[in-house]
Amino acid sequence: MLRLDVVTIFPEYLDPLRHALLGKAIEKGILEVGVHDLRQWATGVHQAVDDSPYGGGPGMVMLPEVWGPALDDVAAHTGPVAAAAALETAEAHRNVPRHDEVEGIEEQAYLGRDVREGEDPALPLLIVPTPAGKPFDQEDARAWSNEEHIAFACGRYEGIDDRVTQDAKNRYRVREVSIGDYVLIGGEVAVLVIAEAVVRLIPGVLGNRRSHEDDSFSDGLLEGPSYTKPRSWRGLDVPEVLFSGNHAKVDRWRRDQALLKTQQVRPELLEGVELDKKDRELLEGRRDA
Ligand code: 6GU
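Here the structure is a predicted model, which means the values were calculated and not measured.

J.: Help me out: how do you make sense of the overall build of the protein chain in this one?
T.: If you tally the helices and strands in the protein chain, you get nine helices and nine strands. Here the protein chain holds 289 residues, and the buried ones make up 38% of them. Put simply, the protein chain shows about 17,000 Å² of open surface, and 52% of that area lies on carbon and sulfur atoms.

Right, here's the structure in full:
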């Protein structure tokens, strides 16, 4: 069971987390989602969540006195976070012990996780989407799919007071990540992207267990083309090799298509791929696909 908590000033933006694929995972009891309005932790008559930056400059910076208590409640499952869960969650899978509450399985439970030197693997992960973060990739998605509790702190693009992430390291393993080299208004859409990439890797979420193992990126290559019926459509024919019934030949053709596609579109990805003699013959133009 994976629990996701999202803290945001735009909770309705996260509605898609409960739809389609992710909604199915919730129904199956594989996933639990809590979306929390940051303003629940705002104090004062204006319920302000931000203020102007010290040192001057454009935009607003989000207040540590609002984010601090919000992240405390998400980590401890207390306050408005506990109240929301009691309202919306079926109690059925609420009382299962977390793996870190079960003795003797630590070694096994933390295998394949994203745990850095000096970090407590029992702490939840806190993902902070920011264009200034490390680029999120498939390896992060794979590692995070083994987590039990991931929290997301959606800040506006100008940012959250830096002391919030410094302090959060006492209660979380903190990761600042970007989903690409462009600027979004806030982290909400990045959370949708990351959550989908992570949740689809949890066993039982995708119908077909094999289908994500040959994805683009799982072997470091982009996927080549796919075809289905009809065999001929608007004068375009499905490549003959796919009807040969020769699995070795079909696999070779698929790898060749993936190699050529990657060379054309993302040649830098080939640096991280182990190429054998046949692969190099193709890529160096000494053999046809
Ligand atoms: Cl993760 N957040 C924001 N606000 N902008 C981004 C981003 C994240 N990744 C790329 N641009």
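J.: Help me understand the side chain of T165 in this model?
T.: Within the element layout of this structure, T165 appears in helix 6 (residues 163-168). A polar contact is formed between the side chain of T165 and the backbone oxygen of D162, at a distance of 3.1 Å. If we ignore the near neighbours within four places in the chain, the residues touching T165 are V128, V174 and E176.

J.: Looking at this structure, I do not really get the sheet that holds strand 7 (residues 173-178). What am I missing?
T.: The strands making up a sheet associate through hydrogen bonds between their backbones, and the pairing can be parallel or antiparallel. Sheet architecture is open: five strands sit in the order 2-1-6-5-7, paired in parallel fashion. This sheet does not close on itself; its edge strands, each paired only once, are strand 2 (31-37) and strand 7. In this sheet, neighbouring strand axes are inclined to one another by 25 degrees on average, regardless of whether the strands run parallel or antiparallel. Bridging between strand 1 (residues 2-8) and strand 6 (residues 149-153) involves five bridges; their strand directions are parallel. Bridge pairing links V6 to F152 in strand 6.

J.: Sorry, what's going on with the environment of P58 here?
T.: Here P58 lies in the loop between strand 3 (50-51) and strand 4 (61-62). Overall, P58 belongs to the exposed group, its relative accessible area being 77%. Between the alpha carbons of P58 and E158 there is a distance of 8.3 Å; along the sequence they are 100 residues apart.

J.: Sorry, what's going on with helix 7 (residues 188-199) here?
T.: Each α-helix winds once per 3.6 residues, and so residues spaced three or four apart point in a common direction. The terminal C-alpha atoms of helix 7 lie 16 Å apart, and with twelve residues this matches the ideal 16 Å at 1.5 Å per residue to within 8%. Across the twelve residues of helix 7, nine count as buried, placing the element largely inside the fold. Residues of helix 7 that are buried: E188, A190, V191, L192, I194, A195, A197, V198 and V199.

J.: I tried to follow unusual backbone geometry on my own but got confused; where do I start?
T.: Glycine aside, residues mostly have negative phi, and peptide bonds are mostly found in the trans state. Each neighbour pair has its own omega, and for K229 with P230 the value is 0 degrees, a cis peptide bond. Mapped onto the elements of the fold, P230 is located in the loop between helix 7 and strand 8 (232-233). Even without a glycine there, the phi angle at Q47 is positive, about 55 degrees. Examined against the element boundaries, Q47 turns out to sit in the loop between strand 2 and strand 3. Residue H77 is not a glycine yet carries a positive backbone phi of 55 degrees. The class for H77 is partly exposed, based on a relative accessible area of 23%.

J.: Help me understand the site of the ligand, please; the structure alone is not making it clear to me.
T.: What surrounds the ligand is the set P129, T130, P131, V177, S178, I179, G180, Y182, V183, L184, G186 and A190. At 2.5 Å, a backbone N or O of Y182 approaches a nitrogen atom of the ligand. For the ligand, whose unbound accessible area comes to 290 Å², protein coverage reaches 100%. The set of elements that each furnish at least two residues to the shell around the ligand consists of strand 5 (125-135) and strand 7. The element contributing the most residues to the shell around the ligand is strand 5, with three residues.

J.: Mind showing me how you'd approach helix 8 (residues 247-265) here?
T.: Here helix 8 spans 27 Å end to end across 19 residues, near enough to the 27 Å set by a 1.5 Å rise per residue. For helix 8, every residue scored as buried is listed here: V250, W253, D256, Q257, A258, L259 and T262. In the core, the buried residues of helix 8 are packed alongside helix 9 (277-283). A side-chain oxygen of the first residue of helix 8 lies 3.3 Å from the backbone nitrogen of A248; this N-cap is N246.

J.: Which parts of the structure should I look at to understand the UniProt feature "binding site: S-adenosyl-L-methionine" (unreviewed entry) in the protein chain?
T.: In this structure's numbering, the residues bearing the UniProt feature "binding site: S-adenosyl-L-methionine" (unreviewed entry) are G155, I179, G180, D181, Y182, V183 and L184. Following the sequence through the fold, G180 ends up in the loop between strand 7 and helix 7. Y182 gets classed as partly exposed once you look at its relative accessible area, which sits at 44%. Only 2.8 Å separates the side chain of Y182 from the backbone oxygen of I179, close enough to count as a polar contact.

What counts and what doesn't
- Residues numbered from 1 in each chain as written.
- Predicted model: local features only at pLDDT ≥ 70, side-chain atom pairs only at ≥ 80, totals over all residues.
- Heavy atoms only, no water.
- Helix = DSSP H or I, 4+ residues; strand = E, 2+ residues; numbered from the N terminus.
- Buried < 20%, exposed > 50% of the residue type's maximum accessible area, 1.4 Å probe, protein only.
- Areas by Shrake-Rupley, 256 points an atom, 1.4 Å probe, with all protein chains shown as cover.
- Polar contact = N/O pair within 3.5 Å; in protein donor to acceptor, adjacent residues only side chain to side chain.
- Contact = heavy atoms within 4.5 Å.
- Pairing = 2+ DSSP bridges.
- Axes fitted to C-alpha atoms, helices over the stretch in contact; angles between N-to-C directions.
- Expected span 1.5 Å × (residues − 1).
- Near = heavy atom within 4 Å.
- UniProt positions renumbered as here; feature names shortened; annotations may be inferred.

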